[in-house]
Amino acid sequence: MVLAFQLAPVWSMLSGSFRSDADSRWTWHNYYTALNSPFYLKAIENSLLISAYSSLIGIVVGLVCAYSVTRFAPTVRDRILMLSNMTSNFAGVPLAFAYIILLGSNGVFTLLFREWGWNVFDGFDLYSWTGLTLVYVYFQVPLSLLLLYPSFYGIREQWKEAASMLGASSWQFWRSIGVPILAPAIFGTLGILFANAMGAYATAYALVGGNYNLLAIRIGSIVSGDVTNQPNLGSALAVLLACTTLLAVSLNAWMTKRSARYLTGAAKAPPRKGFVRQRGTGVALAEAKEGTG
């Protein structure tokens, strides 16, 4: 199963990226074309930007939602998580079609607000950069929520009480204890969201077609184009897409290790004299790490 559905496609993509479309000779021409063509470079830039923006918005909103979910009763929390799970899987052509019906040029909300005299969507174009980012954020937020909410259960209430008794405010607790403890989950989720946005194809294609220059759309048009097919050039672009995704995941893994090393060092460092009153959050952090150990 692994050989058929993972290794074989990867090998086909790698080997095809080094072959000529004309006579299947080994060549670097596909990568030269991909990295020197302004058209393909713009596609890479657009994909990186929309992935970065949607991932950052998704992680910020997801953090707030994940913390809020932990404050609800278990029954309400389970229902919200079930809805989030359904929402995170609602993507592709159905999601684009739903947005067109609701917020398109003749969408339900667009015509309704216009009839009521509300200028909410004046200047908003669903088929532009803003609209595409909004659609991406739709499936980024619930995925971020599902990945982040278990991390908040790792922060114990006694840590908050210890920090409060040592004179730390709520802001100081989250800045010195809560956020560093959540940092590995935040960076890991950010990498997953970025990879999820980079590989999104069906939603963007159904919404804007070939009118917006994204890397995934360019690969699809090259491989299954109506006029000319260049599968080997598409393989080269797919390799570049995979490299950017792997780079983002590797960077986040490296930052996660640094964060874990920082927390371990902070937990092992003995409190200095006079540290309890001035930096009570540091003592609470050490106490929290001792509790987890």
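Provided above is the structure to which this section pertains.
Thresholds applied
- Residues numbered from 1 in each chain as written.
- Predicted model: local features only at pLDDT ≥ 70, side-chain atom pairs only at ≥ 80, totals over all residues.
- Heavy atoms only, no water.
- 1 Å grid on protein atoms, 1.4 Å probe; cavity = no way out; pocket = protein on both sides within 12 Å on 5 of 7 lines; lining within 4 Å.
- Points joined across faces, edges and corners; volume = space filled by probe spheres on them.
- Helix = DSSP H or I, 4+ residues; strand = E, 2+ residues; numbered from the N terminus.
- Nonpolar A, V, L, I, M, F, W, Y, C, P; charged D, E, K, R; others polar.
- Patch = residues over 30% accessible without salt bridge, like charges linked within 9 Å, V, L, I, M, F, W, Y side chains within 5 Å.
- Areas by Shrake-Rupley, 256 points an atom, 1.4 Å probe, with all protein chains shown as cover.
- Salt bridge = Lys/Arg side-chain N within 4 Å of Asp/Glu carboxyl O.
- Contact = heavy atoms within 4.5 Å.
- Phe/Tyr/Trp six-rings, centres within 6.5 Å; stacked < 30°, edge-to-face > 60°.

K.L.:
A description of the layout of surface pockets should follow, citing residues and the corresponding values.
P.N.:
For the second largest pocket, the calculated volume is near 180 Å³. Looking at the second largest pocket, it is lined by 16 residues, and the ones nearest its centre are Thr110, Arg114, Phe121, Asp122 and Phe124. Per-element tally for the lining of the second largest pocket: the top contributor is helix 6 (residues 108–116), with 3 residues.

K.L.:
Explain empty space enclosed by the protein to me, using residue names and the numbers behind them.
P.N.:
Throughout the structure, instances matching the rule amount to 1 cavity of 30 Å³ or more. Here the largest cavity is characterised by a volume of approximately 40 Å³. For the largest cavity, the full set of lining residues is Ser47, Ile50, Tyr136, Ala197, Met198, Ala200, Leu214, Leu215 and Ala216. Each residue belonging to the lining of the largest cavity can be placed in one class, and the counts come to 8 nonpolar, 1 polar and no charged.

K.L.:
Run through a nonpolar patch on the surface, naming residues and quoting values.
P.N.:
On the surface, a cluster of nonpolar side chains totalling about 860 Å² of accessible area is made up of Phe97, Ile101, Leu102, Val108, Phe109, Leu112, Trp116, Trp118 and Val120. Residue assignment for the nonpolar patch shows that the elements contributing at least two residues are helix 5 (93–103) and helix 6. Among the elements that take part in the nonpolar patch, helix 6 stands out by supplying 4 residues, more than any other. As for its placement among the helices and strands, Phe97 is situated in helix 5.

K.L.:
Quick one: what's the story with the side chain of Thr245, residue by residue and with numbers?
P.N.:
Relative to the helices and strands, Thr245 resides in helix 12 (residues 231–268). Ignoring sequence-local partners within four residues, the contact set of Thr245 consists of Ala195 and Met198.

K.L.:
Let's hear about the packing of aromatic side chains: which residues, and what values?
P.N.:
In this structure the tally under the stated criterion is 19 aromatic pairs. Here the aromatic rings of Tyr67 and Trp174 are separated by 5.6 Å at their centres, their planes lie at 90°, and the arrangement is edge-to-face. Of this pair, Tyr67 sits in helix 3 (residues 38–71) while Trp174 sits in helix 9 (residues 170–198), placing them 107 residues apart in sequence. Between Trp116 and Trp118, the aromatic rings sit 5.1 Å apart at their centres with planes inclined by 65°, giving edge-to-face as the arrangement.

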